[in-house]
Amino acid sequence: MTLTQLRYVAKVAECGSITEAARQLYISQPSLSAAVRELEGELGIVIFNRNARGISLTPDGSEFLSYARQILEQIELVEQRYAHALPSKRLCAISTQHYAFAVNAFVKLLESMDAPEYELTLRESRTYEVFEDVAGYRSELGIIYLSSFNEKVLRKLMRESHLSYTPLFNAPPHVFLSASHPLAGAESVTLADLDDFPYLCYDQGTHNSLYFSEELLPTESHRKTIVVTDRATLFNLLRGVNGYTICSGVLNSNLNGSDIVSVPLVTDETMQLGYLTNDRARLSPMATRYLEELRALIAAEGFEVLG
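From a predicted model like this one, the values you see are computed outputs, not experimental measurements.

Asks: Explain the pattern of salt bridges to me, please; I cannot follow it from the model alone.
Replies: Between side chains of opposite charge, a pair can form as their charged atoms come close. The final tally for this structure, using the stated rule, is 12 salt bridges. Note that aspartate 195 and arginine 223 form a salt bridge whose closest N and O atoms lie 3.0 Å from each other. Separated by 28 residues along the polypeptide, aspartate 195 in the loop between β7 (174–178) and β8 (199–202) and arginine 223 in the loop between β8 and β9 (225–228) bring together distant segments of the chain. For aspartate 195, a relative accessible area of 31% translates into the label partly exposed. Arginine 223 sits in the exposed class, given a relative accessible area of 54%.

Asks: Can you help me understand the sheet that holds β7 in this one?
Replies: What holds strands together in a sheet is hydrogen bonding between their backbones, with the strands either parallel or antiparallel. Taken together, the three strands give an open sheet; going across it, the order is β10-β7-β11, and neighbouring strands pair in antiparallel fashion. Since the sheet does not close on itself, it has two edges, and those belong to β10 (245–247) and β11 (260–264), each with one partner. In this sheet, neighbouring strand axes are inclined to one another by 40° on average, regardless of whether the strands run parallel or antiparallel. Here five bridges tie β7 to β11, and the two strands are oriented antiparallel to one another. Counterpart to histidine 174 in the pairing with β11 is proline 264.

Parameters at a glance
Residues numbered from 1 in each chain as written. Predicted model: local features only at pLDDT ≥ 70, side-chain atom pairs only at ≥ 80, totals over all residues. Heavy atoms only, no water. Salt bridge = Lys/Arg side-chain N within 4 Å of Asp/Glu carboxyl O. Helix = DSSP H or I, 4+ residues; strand = E, 2+ residues; numbered from the N terminus. Buried < 20%, exposed > 50% of the residue type's maximum accessible area, 1.4 Å probe, protein only. Pairing = 2+ DSSP bridges. Axes fitted to C-alpha atoms, helices over the stretch in contact; angles between N-to-C directions.

Here's what the structure looks like:
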C-alpha cells in the first residue's frame, strides 16, 4: 500500500467516477483502475462497487476511506511544516434538513475563510438522505431535529449506520407566516387557528415515513396541504397563498427577507436540533469551524447551546 494509492482512492471517492478522477490526476483510466484493484487485492476487500451507473463505496470501502483521509491529512501537515508545501484546497461537505440557520452559519464560515482555495458543499436534503450522506462519507455533518415522536426510530437508524448525534439547542415550535398573513401579529397560534390556511411541508421522496417528516406534529391532519421540495418554493408560497409551516422559528432577515415572520405555536412538543457525525471518521478543520459558527449563531439568537 502506497500514499499514491491512498490519494487515488480518495480522489475517486470525491469525484464519484474513475474517468473524472483519472482526468484530474493526469493519468490514464486503465492505470487508475489497475492501481485501485491492486490495492483491493492487497487488502482483501472491495473498495468500490462498479456497475453500469458508475461507482460507489462499499461498506468496507467507506471505512477504509476514513482511515486513508486521516493519513493523507497528517502527511499534508508534515509537508507544510518541513517541505514548505502550500496548503491543499480546503474541502468540507455538510447536509441538512431545510433550516435557514444552517445556511446562515455556512455564510458566516465563508466570511471567515482565509484559505486561498476551497471547495465547500452545502446540501439541503430530505431527512433520510442526510443520514445517507453522513453514513456514506459524502458529508461530514448532518443537521436534523429530534422530537418525542421520531427520536426512537431515528436513533435506531443512527445505531445501524454507525452515526452519533450531538444536540445543539431546544427550540419551542413556531410557524412561519408571511408578514401580511392575518395571524402574523398574533402572540401565538394554535393549529385550529390555522385550519383555513394551506399547510406547507417538505417532500421526503421514497422514504416518506412520518418519522422522517421535517415538520413537528406530523400525525396532525390538515384540510389543505401543499408538498414542496425546496425552501425557496416554500417561502414563496408562504408569501403567495398565506400558507404556513411548522418550524424551529429561527429566521435570518438578511437571507430570507423581512416579509416572513415567526409566531409561537401552542403545543407541549419541543424540537431538539442537533448534528450527526460518522463514528468512523474525524471532522476536518473546516467542519469544526462550521460548528463554531453554528454555535455562535445559536447563542446570538438567545438559545442555550447544548453541545
